[in-house]
Amino acid sequence: MKMLLVRKFRVLILMVFLVACTMHIMIDLLPRLERRGTEGRPGCSCPPPAAAPPRGAPRWPSKHTLRILQDFSAEPGSNLSSQSREAAERAAGGGGGGAGGGGAAAARTRRLIAPGAPRPPPPAAAAPLAALFQHPLYRAALPPLADGDLLFNVNSDIRFNPRAAEQPEWQNEDNEEFLPTGETSIDSYPNWLKFHIGINRYELYSRHNPAIEALLQDLVSQKITSVAMKSGGTQLKLIMTFQNYGQALFKPMKQTREQETPPDFFYFSDYERHNAEIAAFHLDRILDFRRVPPVAGRLVNMTREIRDVTRDKKLWRTFFISPANNICFYGECSYYCSTEHALCGKPDQIEGSLAAFLPDLSLAKRKTWRNPWRRSYHKRKKAEWEVDPDYCEEVKQTPPYDSGTRILDIMDMTVFDFLMGNMDRHHYETFEKFGNETFIIHLDNGRGFGKYSHDELSILVPLNQCCRIRKSTYLRLQLLAKEEYKLSLLMKESLLKDKIAPILYQPHLEAMDRRLRIVLKAVSDCIEKDGYDNVVENDFNTDVNTVTTER
């Protein structure tokens, strides 16, 4: 009797399951059958289909499209929200409406659905950036490069070791043969290695190096094979390794484009912004410094591209699912690494910047210098330069600022930081091989572009105190103040190439034009006080108006 009841119960369960499956199939097929019935086939007595909506009328997206759009939106403080992206694009495009607004919305939707799709080329008539790079000021030739001016000699014994690139502590115990850099074509190297080989005494990369654009593409398309937290620093950063053994520093998004730094925040406790890192690279290139490593924006899947590939147990343990069913993590760092400041996707997509690594320190040592105009990083104390108006005279008597071009490099960095509003320049680095006669590397720009409504004049103190600037820098700043080469328009065009554009909120672009005028006014005041020749240092080997050589 008991066995009979068990069998009846099993049959009942099976019948319920079959009924449920049948109902599910019918519910799924019913909308399709209804649509087929309204197509106006012969013999159909259904009412005719409704007229198509006008071209400019809004169309309700399908559930599939809504799902994809939802995946790329997020809450403030984790990933870019759809509302903030729309606000940024309205500000960048002037807030046009009607059919034009519909076209912008359609373009934005296409970008959100397919972030990796190639962008259509800009119209030939709207290319002020190309015109800028053809200007004589951007075609001046470098001094001839000797072997000592190159960071790496291609014909040396340096070997490309892919396993060592991924794990620097790894030793070649199996005596495997790896490719010497002097025994094959450079075209076969990965783009990150081409970037490293191109570094010299005067620049991180040349103006027209095709490997840089290819490297930017690699940063957003290469498969991520491992992730680890970067040690040190106040906020969370991740080291990502790619399938081609290149590495990049990932800074996740913490603020939306239009959010400003709160007025009560100290500069040393401000958020580090991923879009500031991207914009700094483009600004550095437009200023023709070329001292910022390549940086690109990327949408990262937190599940597949971070959690599932990390071997960092401390990072892995911080992943959780929020009450809104979004994937979140917070890592370990000095500031903002807690569940209250977790980085959340929606459900698992997060936006961030990827900055290409410089050569490993075991191959190219770098020296860290304390910035003479470093801030006190204290709530009440002031630095010496803030209370001593003659501070620069003391600096100019101290090595390495008493000779060479280092003081001029500091002035370049001052202009660069002021245009961004970056107050967090406590140290800088140079390549040890080149001694004191080399450029300053503009690293760690995440605290730039925090306020567009305020110009921090204290950043310009080094320029005001020293009254020195390179002629090439001064002429380029004057050029970028002209209407046909307006800095904000050039930055907007350059940033549109990034995969997560728009990068900057329109008021930030306008703030750069305003700050550029302040810089030129400061130089003009210095010239009026000390004379042109005492302020502007001629760094051209030939007349700039006759320079046409590219590099």
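Since we're looking at a predicted model, the values are computed, not measured.

## Some thoughts on the packing of aromatic side chains
For the structure shown, the criterion picks out eleven aromatic pairs. Ring geometry for Phe431 versus Phe439: centroids 6.4 Å apart, planes at 75°, classification edge-to-face. Overall, the relative accessible area of 1% leaves Phe431 in the buried class. Given a relative accessible area of 3%, Phe439 falls into the buried group. Arg406 extends its terminal NZ or CZ atom over the ring of Trp369, reaching a point 4.6 Å from the ring centre.

## Details of the nonpolar core
Judged by nonpolar contacts, the single largest core of 113 residues is most densely connected at Leu238, Ile306, Trp373, Phe431 and Met491. Considering every element that reaches this core, the biggest residue donor is helix H14 (residues 406–420), with ten residues. Not counting residues within four places of it along the chain, the set of residues in contact with Leu238 comprises Val227, Ala228, Met229, Lys230, Ala248, Leu249, Phe250, Ile306, Leu315 and Phe329.

## Remarks on helix H16 (residues 471–480)
Extensive coverage of H16 is indicated by the burial of seven of its ten residues. Those residues of H16 that sit buried are Ser472, Thr473, Tyr474, Arg476, Leu477, Leu479 and Leu480.

## Quick word on the pattern of salt bridges
Summed over the entire model, instances satisfying the criterion amount to 25 salt bridges. The residue Asp288 makes a salt bridge to Arg476 at a minimum N-O spacing of 2.9 Å. Of the two residues, Asp288 is situated in the loop between helix H9 (274–286) and strand S6 (295–301) and Arg476 in helix H16; the sequence distance between them amounts to 188 residues. On the accessibility criterion, Arg476 (7% relative accessible area) is buried.

## Observations regarding the sheet that holds strand S3 (residues 224–229)
In spatial order, the strands read S3-S4-S5-S10-S6; together these five strands make up an open sheet with antiparallel pairing. Of all strands in the sheet, those with a lone pairing partner are S3 and S6, marking the two edges. For this sheet, the mean angle separating the axes of adjacent strands, direction not counted, is 35°. Sheet topology places strand S5 (residues 247–252) next to strand S10 (residues 349–356); five bridges connect them, and they run antiparallel. Bridging from a neighbouring strand, Phe250 pairs with Leu354 of S10. In the packing of helix H8 (residues 210–221) onto the sheet, the strands contacted are strand S4 (238–242), S5, S6 and S10, and the crossing angle to S6 comes to about 15°.

## Details of the state of the cysteines
Within this structure, the stated rule accounts for four disulfides. Each sulfur in the disulfide pair Cys328 and Cys344 lies 2.0 Å from the other. What sets the handedness of the Cys328 and Cys344 disulfide is the S-S torsion sign, and at about 110° it is right-handed. Separated by 16 residues along the polypeptide, Cys328 in strand S8 (residues 327–329) and Cys344 in strand S9 (residues 343–344) bring together distant segments of the chain. When its relative accessible area of 0% is taken as the criterion, Cys328 is described as buried.

## Some remarks on the environment of Trp385
Note that Trp385 resides in helix H12 (residues 384–387). Sequence-wise, Trp385 and Arg375 are ten residues apart; in three dimensions their C-alpha atoms are separated by 8.6 Å. Setting aside residues up to four positions removed in sequence, Trp385 forms contacts with Pro372, Trp373, Arg374, Arg375, Tyr391, Ser458, Val461 and Gln465. In this structure the side chain of Trp385 is engaged in a polar contact, spanning 2.8 Å, whose partner is the backbone oxygen of Arg374.

## Some thoughts on the side chain of Lys251
Among the structural elements, Lys251 can be located in strand S5. A distance of 2.5 Å separates polar atoms of two side chains, one belonging to Lys251 and the other to Glu277. A distance of 2.9 Å separates polar atoms of two side chains, one belonging to Lys251 and the other to Asp444. Not counting the four nearest positions on each side in its chain, Lys251 is found in contact with Lys237, Glu272, His274, Glu277, Glu351, Gly352, Ser353, Asp444 and Gly446.

The rules behind the values
- Residues numbered from 1 in each chain as written.
- Predicted model: local features only at pLDDT ≥ 70, side-chain atom pairs only at ≥ 80, totals over all residues.
- Heavy atoms only, no water.
- Phe/Tyr/Trp six-rings, centres within 6.5 Å; stacked < 30°, edge-to-face > 60°.
- Buried < 20%, exposed > 50% of the residue type's maximum accessible area, 1.4 Å probe, protein only.
- Lys NZ or Arg CZ within 6 Å of the ring centre and 35° of its normal.
- Core = buried A, V, L, I, M, F, W, Y, C linked by side-chain atoms within 4.5 Å.
- Helix = DSSP H or I, 4+ residues; strand = E, 2+ residues; numbered from the N terminus.
- Contact = heavy atoms within 4.5 Å.
- Salt bridge = Lys/Arg side-chain N within 4 Å of Asp/Glu carboxyl O.
- Pairing = 2+ DSSP bridges.
- Axes fitted to C-alpha atoms, helices over the stretch in contact; angles between N-to-C directions.
- Disulfide = S-S within 2.5 Å.
- Polar contact = N/O pair within 3.5 Å; in protein donor to acceptor, adjacent residues only side chain to side chain.

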